[in-house]
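One letter stands for each residue in the lines below.
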Amino acid sequence: MSCPMDYSFCNQKVTVYRKRKDQIIRQELDKCYFSLEETYAQDGYGQRVRKKCRLIIPGKQKILAGDRVYPGAGPQVSAEDWQDFLPANVPGLCILQQVKTYFWENTPCHTEGC
């Protein structure tokens, strides 16, 4: 039996980036759901922006905490550019903090990152 979830809302493309040694691995993933929300909070130092993202990929896909996600077809990034390829510098970019794969009857249904 296949996964009983409805993934009709997974109709977006994202680009996932991962640094391995001196190489940047870039992969474009179709049929995903991606949202990015900015919230503002006041603290003792002033107003801060907090970005929360959610990525849902149907099926089994290898994404990891620390991966950087860009909505749509993202740019090519070199190892030299990696240190500046950050959410503060690139609108829409987020860094996954947690990743979890969900199963139905021992079969992967989808992977979520946030």
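Starting from 1, residues in each chain are numbered consecutively following that chain's sequence as written. Only residues with pLDDT of at least 70 are given local features in this predicted model, and only at 80 or more are side-chain atom pairs given and counted; all residues enter the totals for whole chains, interfaces and linings. Values reported for side chains reflect all heavy atoms of the structure, with hydrogen atoms and water molecules removed beforehand.

**Here's the deal with the packing of aromatic side chains**
Two aromatic rings, drawn from Phe, Tyr or Trp (for Trp, its six-membered ring), form a pair once their centres lie within 6.5 Å of each other, and the interplanar angle then sorts them: stacked below 30 degrees, edge-to-face above 60, tilted otherwise. Going through the model one piece at a time under the given rule, you end up with four aromatic pairs. Judged by centre distance (6.4 Å) and plane angle (45°), the rings of Tyr 7 and Phe 9 are tilted. Take Tyr 7: its relative accessible area is 18%, and that puts it in the buried class. A ring pair is formed by Tyr 17 and Phe 85, whose centres lie 4.7 Å apart and whose planes are at 70°; its orientation type is edge-to-face. Residue Tyr 17 is found in strand β1 (residues 12-20), and its partner Phe 85 is found in the loop between β4 (68-71) and β5 (94-95); the two are separated by 68 residues along the sequence. In this structure Tyr 17 comes out as buried when scored by relative accessible area, which is 0%. Throughout this description, buried means an accessible area under 20% of the type-specific maximum (1.4 Å probe, protein chains only), exposed means over 50%, and partly exposed covers the range between. In this structure Phe 85 comes out as buried when scored by relative accessible area, which is 6%. Three or more aromatic residues joined by ring pairs form one cluster here, namely Tyr 7, Phe 9 and Tyr 33. Both a distance and an angle decide whether a charge sits over a ring: NZ of Lys or CZ of Arg must be within 6 Å of the ring centre and within 35 degrees of the ring normal. The aromatic ring of Trp 82 is capped on one face by Arg 68, whose charged end is 3.8 Å from the ring centroid. Strands here are runs of E lasting at least two residues and helices are runs of H or I lasting at least four, both read from the DSSP assignment and numbered beginning at the N terminus.

**Some words on the side chain of Arg 18**
Here Arg 18 is to be found in strand β1. The exposure class assigned to Arg 18 is buried, which follows from its relative accessible area of 11%. Within 3.5 Å is the distance limit for a polar contact, defined as a pair of N or O atoms, with the added protein rule that one can donate a hydrogen and the other accept it, and that residues adjacent in sequence qualify only through two side-chain atoms. Within polar-contact distance, the side chain of Arg 18 engages the backbone oxygen of Lys 62 at 3.3 Å. Among the polar contacts listed, one links the side chain of Arg 18 to the side chain of Asp 67, at a separation of 2.7 Å. Between two residues, a contact is recorded if the distance between any of their heavy atoms is within 4.5 Å. Setting aside residues up to four positions removed in sequence, Arg 18 forms contacts with Gln 23, Ile 24, Ile 25, Gln 27, Lys 62, Ile 63, Leu 64, Asp 67 and Trp 82.

**Structural notes on the state of the cysteines**
Pairs of cysteine sulfur atoms within 2.5 Å are what we label disulfides. Inspection of every chain in the model, using the stated rule, returns one disulfide. Linked covalently through their sulfurs, Cys 3 and Cys 109 form a disulfide whose S-S length is 2.1 Å. The S-S bond linking Cys 3 to Cys 109 shows a torsion near 115°; that makes this disulfide right-handed. Here Cys 3 is found in the segment before β1, whereas its partner Cys 109 is found in strand β7 (residues 107-113), with 106 residues between them in sequence.

**Here we look at a negative patch on the surface**
Two distance rules govern patches: like charges are joined within 9 Å, and nonpolar side chains (Val, Leu, Ile, Met, Phe, Trp, Tyr) within 5 Å, applied only to residues with over 30% relative accessible area and no salt bridge. Computed by Shrake-Rupley with a 1.4 Å probe, the accessible areas treat only the displayed protein chains as cover when residues are assessed. In the sections that follow, a salt bridge refers to a side-chain nitrogen of Lys or Arg positioned within 4 Å of a carboxyl oxygen of Asp or Glu. Positive: Lys, Arg. Negative: Asp, Glu. His and the chain ends are not part of the count. The atoms used to mark charge sites are NZ of Lys, CZ of Arg, CG of Asp and CD of Glu. On the surface, a cluster of negative charge is made up of Asp 22, Glu 80, Asp 81 and Asp 84. Note that Asp 81 resides in the loop between β4 and β5.

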